[in-house]
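Here is what each chain is made of, one letter per residue.
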Amino acid sequence: MNLFHYIGVFYGDSANWSGANGIPQRLWEHVLYTLMALGIAAAIGLPIGLVTGHTGRGGNALAFLATAARALPSFGLLVLLTLLMGLGLTPVMVPLVALAVPPILVTSYEAVRGADRSLVDAARGMGMGPLRVLFQVEIPVALPLILSGIRSAAVQIVSTATIAAYVSFGGLGRYIVDGLYQEDYSKVVGGATLVAGLALLTLGLFWLLARVFVSPGVRRSR
Amino acid sequence: MSSFFTMPSDLQHSYLGLVAWHLQLAMIPVLLGLLIALPFGQLCVRFRWLYAPMLGVTTVLYAIPSLAFFVVLIDWTGQSDTTVMIPLTIYTLVILIPAIIDGVRSVPPETHAAATAMGFGPARRYFQVDLPMAVPAIVAGLRVATVSSISLVSVGALIGNQGALGNLLEDATQYHRPILAWSSVITTAVLAILIDGLLVLLRRLLTPWAAR
């Protein structure tokens, strides 16, 4: 089978395992871009989503914003910004953040919005202020959904961060873009399997996060 | 302004030609994805144990970056439209199958029972009750799939001018004419927003009973 032959060649080549173009180095760069973009996207999307979900106002504006952000083509944005600003981290980060904000924003809004009203009323009746209601009731109940929004954002960043290589940045996209120009399919296939593996690892990580942080009571009711 | 709509001759397309090609590359996979996802979704509703493995497989496929997917496919399908459309179809499936399952499962059991009591057979109940009730969930999935499909077509530019409007990006870099990149990004975004609007309209037409 072709595909497995390429995979064998890629992982069997010891040159791919060390140095600036080695797998550990490229993997590390990829993880770094992902964490950076996810951090920025969460810093933008989470507070807005949680607060609008809590107050229940601005849902339409939010949906419109999310659609607009989704409509931006990541690859086009990357090339355009690089043309305008030159090579740099900003042209790489902007498309990734634009990609990740909508799922985080929309799910955190809907998660908090969908928290059982009787729980919220009970918390209010016990004399909790708005902030305590949000942090002690709404967020814990909404956590599984909030995490799933961040998870899909993370997976999309991992798979899209490959285009950074097109503007001479690093990451696992290097193998795919270089392999394409050198017509070296083993590199392309190897890079693709690494990205897919990293995305699966991300899924596993979020499964673990949910196990650790979601309160057992909430988990049982789902 | 003229170069916003005037395309470089090496693209061998007019502005509208690129738009039409882009829509074709993006929308055929979404339609195909919908056609495949409907029976698969129904299978998963019928046989619950199928859902987890199916979701696992599609999630792994989803994790493969579009660029890598395109390049790997060149081996089989050459540098053609098919190469771009296969991954987009699979991405659509990943988004639509869970949406369809959620939609069909969200039909209240009472509604289901009422339809059965009225003498609806399984097929008629599916087409006249389950499917219409699932329309909002399906359209929600279609919106995400369409917008991401329209955006991902551009990446096809990297595998040798198979990116429709995305091909403008290569030219913009090569000739250093940012206006071409603007044209590509703005047109793609406008297309995505327009089609998204059409889908919202479609949902309203298909679910006249829903609250506005």
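In this convention, every chain numbers its residues from 1, walking through the sequence in written order. As a convention, the first chain written is A and the first ligand written is 1, with the rest following in written order. The predicted origin of the model limits local features to residues at a pLDDT of at least 70 and limits the giving and counting of side-chain atom pairs to 80 or more, whereas totals for whole chains, interfaces and linings rest on all residues. In computing side-chain values, all of the structure's heavy atoms are included and hydrogens and water are not.

The next point concerns the nonpolar core. Within the largest apolar cluster, 97 residues are counted, with the highest numbers of intra-cluster contacts made by A:F75 and B:L67. No other element matches the 11 residues that helix α5 (residues 89-113) of chain A contributes to this core. Residues belong to one nonpolar core when they are buried, are Ala, Val, Leu, Ile, Met, Phe, Trp, Tyr or Cys, and are joined through side-chain atoms within 4.5 Å. Each residue's exposure class comes from its accessible area (1.4 Å probe, protein chains only) as a fraction of the maximum for that residue type: buried when under 20%, exposed when over 50%, partly exposed otherwise. Secondary structure elements follow DSSP: runs of H or I no shorter than four residues count as helices, runs of E no shorter than two count as strands, and numbering proceeds from the N terminus.

The subject of this paragraph is the interface of chain A and chain B. Residue contacts follow a heavy-atom distance rule, with two residues in contact if any of their heavy atoms lie within 4.5 Å. Contact residues are listed per partner, giving 34 residues for chain A and 35 residues for chain B. Defined here as a combined quantity, buried area equals the accessible surface (1.4 Å probe) lost by two parts on assembly, summed across both. Across the interface of chain A and chain B, roughly 3,100 Å² is buried in total on both sides, 80% from carbon and sulfur atoms. Should a side-chain nitrogen of Lys or Arg be within 4 Å of a carboxyl oxygen of Asp or Glu, the pair is scored as a salt bridge. Seen at the junction of chain A and chain B, the total is zero salt bridges. Definition of a polar contact: a pair of N or O atoms within 3.5 Å, with one able to donate and the other able to accept a hydrogen when the atoms are protein atoms, and with sequence-neighbouring residues admitted only if both atoms are side-chain atoms. Counting across the chain A and chain B interface gives zero residue pairs in polar contact (both at pLDDT 80 or more). The leading source of residues in the side of chain A that touches chain B is helix α9 (residues 185-213) of chain A, at nine residues. Classes in brief: Ala, Val, Leu, Ile, Met, Phe, Trp, Tyr, Cys and Pro nonpolar; Asp, Glu, Lys and Arg charged; the others, Gly included, polar. Tallied by class, the residues present in the side of chain A that touches chain B amount to 26 nonpolar, seven polar and one charged.

What follows covers the confidence of the model for chain A. Confidence per residue, as judged by the predictor, is encoded in pLDDT with a range of 0 to 100. Predicted confidence across chain A gives a mean pLDDT of 89, with 98% of residues reaching 70 or more. Across chain A, the element-wise mean pLDDT spans from 68 in helix α10 (residues 216-221) of chain A up to 94 in helix α2 (residues 23-55) of chain A.

Turning our eyes to something else, we now look at the pattern of salt bridges. Residue and element names in this part refer to chain A. For the coordinates displayed, the defined rule picks out five salt bridges over all chains. Here E138 and R117 are joined by a salt bridge, their closest N and O atoms 3.7 Å apart. In this pair, E138 is assigned in helix α7 (residues 130-160) and R117 in helix α6 (residues 117-125), connecting sequence segments 21 residues apart. The residue R124 makes a salt bridge to D121 at a minimum N-O spacing of 3.8 Å. Pair noted here: R124 and D121 are both in helix α6, with a separation of three residues, about one helical turn. Residue classification places R124 among the partly exposed residues on the basis of a relative accessible area of 45%.

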